[in-house]
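# Topology and contacts: notes
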Amino acid sequence: VLLQGETLVRPDGVALIQQLTEAVEEVEGVEKVVTALNAPLIQGTEEGVRIESLSDLVSKNPSEIGGLKQKALNSRMFQRTLISEDGKTLALLARLDQDVVTEKQKRPVVRSITSTTESIIGDQFSIHFSGMPVIQEEYTSQGLREVWVFFVLSAGILCVFLFITFRNVLGLYVPQLTVITSVVFLLGLMSLFHQELNIISNVIPSLLLVYGIADSIHLINRYYEELDKGLSKREALLVIIRHMGVACFMTSFTTTVGFLSLYTASIKIIKTFGLFSGIGIFIAYLVTILLIPILLSLRPAPKRKWKEHKGDDAIERIMVYVGRLNERYPKILIALGILLFAGSAVLCTRVNIESYILQELTEDNPIVQANDIMEKEMTGIFPYQIQISTGREGAALEPDFLARVDELESFVASQPWIRKSLSIVDILKEMHQAMNGGDPVFYRLPETRELVAQYLLLYGMSGNQEDLDVLITPDGSYMRIASQGVDMGSHNYF
């Protein structure tokens, strides 16, 4: 949750932020909320070091509230993580419970946090919401809205062309009914296997509409042709089942195989999309070949409403002209085709593989605007994590090893897409500086293993052991460099 305003760390603003923190922590599914007011602040004192939050500091001495902003800005660990460098943007980091894993579980938590924040903050500050759960919820909500818009729009356009083609109600509702039945069957099958519509699979209903309608048109058109030859309704239906059933099966089968080939992909959502698209197309074929003859048999044979085809329409003239070109200049056309293929083959190697997580959303979308603020003012939303194995217990406390981790972290932090990096090294440096009167010269790693162990023990005893646990294991055999940065695009990951 990002709050922007000039009075964030003034008395009224502090009270609102504290109220919001308590309310969000009460939301079911939220484990903890961290802000610049309740995060541990390492300070040097005459006695050594003191670790307490800014809220605790103000509660003990209300006169300290005037210096909150500067104290927060002076903390290297707060900068860009909890407060922007100009002090006008404040972040509330809501950590979700460990059992809140799926997008379906995160959705009500995100919505509760959103409504709680808006009800408490109102128009006092500018509010933005960011983070992966927020992005997932936005994509899901938008995808569900658009899937039905696409489906209804596609169905409407097809209705117009079906009516123009067949000029009767039969040719209008029969193809649509078969496709809608196929979509319902497939969605029921997906639900049975606990599959959810995601950013890719939400196009499957529209896909079935496009592919499924073709077989219906072939069957109905052949039915009309057989009736035009003088066959009875029963005889015409037998012809389309015997002859068109096989042809439509081959087209549906090859399309199904094409989509099922996506099941060999390593990305799960691609595999799911390929599997259920293939199954859906074959379901559409079965529904079409079974349902259309039944529907046609229940209706009287349509009366013929069109004149004898003269072969003089624009489309036919174009096809005849193309056919004559093929007869007259076969070698030239083959040569041109080869050149076109060769040129395309060369150009296709230059196609860039590029993807940004928010590229499907418009620039005025609140999620995109929040991400821009996160990238410019704060750490960014993309986590870049490095887990380091020390090889043996306790090795992470050795000054030599920590010095190498410090060098690695400095390299990571120097990358243009990284906005913030944190490891146990940063906490140790803060502790060492605080223990030496806050002198910036001592913002470095302690020289001995004993001193490292003492600092970690002191930090953990202050009530912030869980902050250490996410950066180093209790036995000192593993540690982590936790970095945050911007979305640099999939091409740059290679």
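Residues numbered from 1 in each chain as written. Predicted model: local features only at pLDDT ≥ 70, side-chain atom pairs only at ≥ 80, totals over all residues. Heavy atoms only, no water.

Of the regular secondary structure elements, the protein chain holds 15 helices and ten strands. For 494 residues, the compact-globule estimate of 2.2 N^0.38 gives 23 Å, and the C-alpha radius of gyration of the protein chain, at 33 Å, exceeds that figure by more than 25%. Each of the three principal axes of the protein chain carries a C-alpha extent, and together these read 105 × 55 × 40 Å. A separation threshold of at least 6 residues defines the contact pool for the protein chain, and within that pool the share at least 24 residues apart is 71%. Put simply, the protein chain shows about 27,800 Å² of open surface, and 60% of that area lies on carbon and sulfur atoms. Of note, the protein chain has its 43 positive side-chain charges centred 15 Å away from the centre of its 56 negative side-chain charges. (Helix = DSSP H or I, 4+ residues; strand = E, 2+ residues; numbered from the N terminus. Rg over C-alpha atoms; globule rule 2.2 N^0.38 Å. Contact = heavy atoms within 4.5 Å. Areas by Shrake-Rupley, 256 points an atom, 1.4 Å probe, with all protein chains shown as cover. Lys, Arg positive; Asp, Glu negative; His and termini not counted. Charge placed at Lys NZ, Arg CZ, Asp CG, Glu CD.)

Quick look at the sheet that holds strand S7 (residues 126–128) now. Spatially, three strands are ordered S5-S1-S7 in an open sheet, and the strand pairing comes out antiparallel. Among the strands making up the open sheet, the edge pair consists of strand S5 (89–91) and S7. Across the sheet, the mean angle from the axis of one strand to that of its neighbour is 20°, orientation sign disregarded. As paired elements, strand S1 (residues 2–4) and S7 share three bridges and run antiparallel to each other. Counted as the bridge partner of Leu2 is His128 from S7. (Pairing = 2+ DSSP bridges. Axes fitted to C-alpha atoms, helices over the stretch in contact; angles between N-to-C directions.)

What follows concerns the sheet that holds strand S8 (residues 382–389). Within the open sheet, the three strands sit side by side as S8-S10-S9. Their pairing is antiparallel. This sheet does not close on itself; its edge strands, each paired only once, are S8 and strand S9 (418–422). Neighbouring strand axes in the sheet, compared pairwise and without regard to direction, differ in orientation by 20° on average. Here S9 runs beside strand S10 (residues 478–485); their pairing, made up of four bridges, is antiparallel. When the bridges of S10 are listed, Ser421 appears paired with Ser483. Running at roughly 15° to S10, helix H13 (residues 399–413) makes contact with S8, S9 and S10 of the sheet.

Turning to the layout of surface pockets, a few remarks are in order. The computed volume of the second largest pocket comes to approximately 800 Å³. For the lining of the second largest pocket, the secondary-structure elements that each account for two or more residues are helix H4 (103–121), helix H5 (132–166) and helix H9 (268–297). By residue number, the principal contributor to the lining of the second largest pocket is H5, which donates seven residues. Here the lining of the second largest pocket is composed, by residue class, of twelve nonpolar, nine polar and five charged. (1 Å grid on protein atoms, 1.4 Å probe; cavity = no way out; pocket = protein on both sides within 12 Å on 5 of 7 lines; lining within 4 Å. Points joined across faces, edges and corners; volume = space filled by probe spheres on them. Nonpolar A, V, L, I, M, F, W, Y, C, P; charged D, E, K, R; others polar.)

The subject of this paragraph is empty space enclosed by the protein. Scanning all chains against the criterion turns up one cavity of 30 Å³ or more. There is about 30 Å³ of room inside the largest cavity. What lines the largest cavity is simply Pro40, Leu41, Ile42, Ser75, Met77, Phe78 and Glu430.

The subject of this paragraph is the pairing of strand S3 (residues 41–45). Where S3 meets strand S4 (residues 48–52), five bridges bridge the pair, whose relative direction is antiparallel. From the neighbouring strand, Thr45 faces S4, where its bridge partner is Gly48. Between the end of S3 and the start of S4, which pair antiparallel, lie two residues.

Counted by the stated rule, this structure contains seven aromatic pairs. Each ring, one from Tyr211 and one from Phe259, has its centre 5.9 Å from the other, and the planes form 90°; the classification is edge-to-face. In this pair, Tyr211 sits in helix H7 (residues 204–228) while Phe259 sits in helix H8 (residues 233–260), placing the two residues 48 residues apart along the sequence. According to the relative accessible area criterion, Tyr211 is partly exposed, its value standing at 38%. (Phe/Tyr/Trp six-rings, centres within 6.5 Å; stacked < 30°, edge-to-face > 60°. Buried < 20%, exposed > 50% of the residue type's maximum accessible area, 1.4 Å probe, protein only.)

Across soluble globular proteins, you tend to see nonpolar side chains buried next to one another. With 82 residues, the main nonpolar core has Phe78 and Met479 as its most contacted residues. Core analysis: the next-biggest nonpolar cluster, separate from the first, contains 36 residues, Phe151, Leu170, Leu219 and Phe259 among them. (Core = buried A, V, L, I, M, F, W, Y, C linked by side-chain atoms within 4.5 Å.)

This part takes up the side chain of Glu409. Structurally, Glu409 is set in helix H13. Although Glu409 is buried, it makes no salt bridge; Lys429 carries the closest opposite charge, 6.4 Å away. At 2.6 Å, the side chain of Glu409 forms a polar contact with the side chain of Ser423. Among residues more than four places away in sequence, those in contact with Glu409 are Ser421, Leu422, Ser423, Val425, Asp426 and Ile481. (Salt bridge = Lys/Arg side-chain N within 4 Å of Asp/Glu carboxyl O. Polar contact = N/O pair within 3.5 Å; in protein donor to acceptor, adjacent residues only side chain to side chain.)

Attention shifts here to the environment of Leu153. Tracing the sequence through the fold places Leu153 in helix H5. Distance from Leu153 to Thr288, taken between C-alpha atoms, is 22 Å for residues 135 residues apart in sequence.

Moving on to unusual backbone geometry. A positive phi angle is found at Arg80, which is not glycine, with a value near 65°. With respect to the secondary-structure elements, Arg80 resides in the loop between helix H3 (68–74) and S5. One non-glycine residue, His194, adopts positive backbone phi at about 60°. Structurally, His194 can be placed in the loop between helix H6 (169–192) and H7.

Our focus in this paragraph is a nonpolar patch on the surface. Taken together, the side chains of Leu153, Ile157, Val160, Phe161 and Ile164 present a nonpolar region at the surface, about 500 Å² in accessible area. Along the chain, Ile157 falls in helix H5. (Patch = residues over 30% accessible without salt bridge, like charges linked within 9 Å, V, L, I, M, F, W, Y side chains within 5 Å.)

Attention shifts here to the environment of Gly5. As for its placement among the helices and strands, Gly5 is situated in the loop between S1 and helix H1 (11–25). Sequence-distant contacts of Gly5, that is, excluding residues within four places in its chain, are made with Gly87, Lys88 and Phe125.

Moving on to the pattern of salt bridges. Counted under the stated rule, the structure contains twelve salt bridges. One salt bridge connects Lys32 with Glu466, and the closest N-O pair in it is separated by 2.4 Å. Note that Lys32 is positioned in strand S2 (residues 30–34) and Glu466 in helix H15 (residues 449–469), a separation of 434 residues in sequence. Assessed through its relative accessible area of 32%, Glu466 is described here as partly exposed. Among the ionic pairs, Arg111 bridges to Glu137, the shortest N-O distance being 2.8 Å. One end of the pair, Arg111, is in helix H4; the other, Glu137, is in helix H5, and 26 residues separate them in sequence. Among the residues examined, Arg111 registers a relative accessible area of 44% and is labelled partly exposed.

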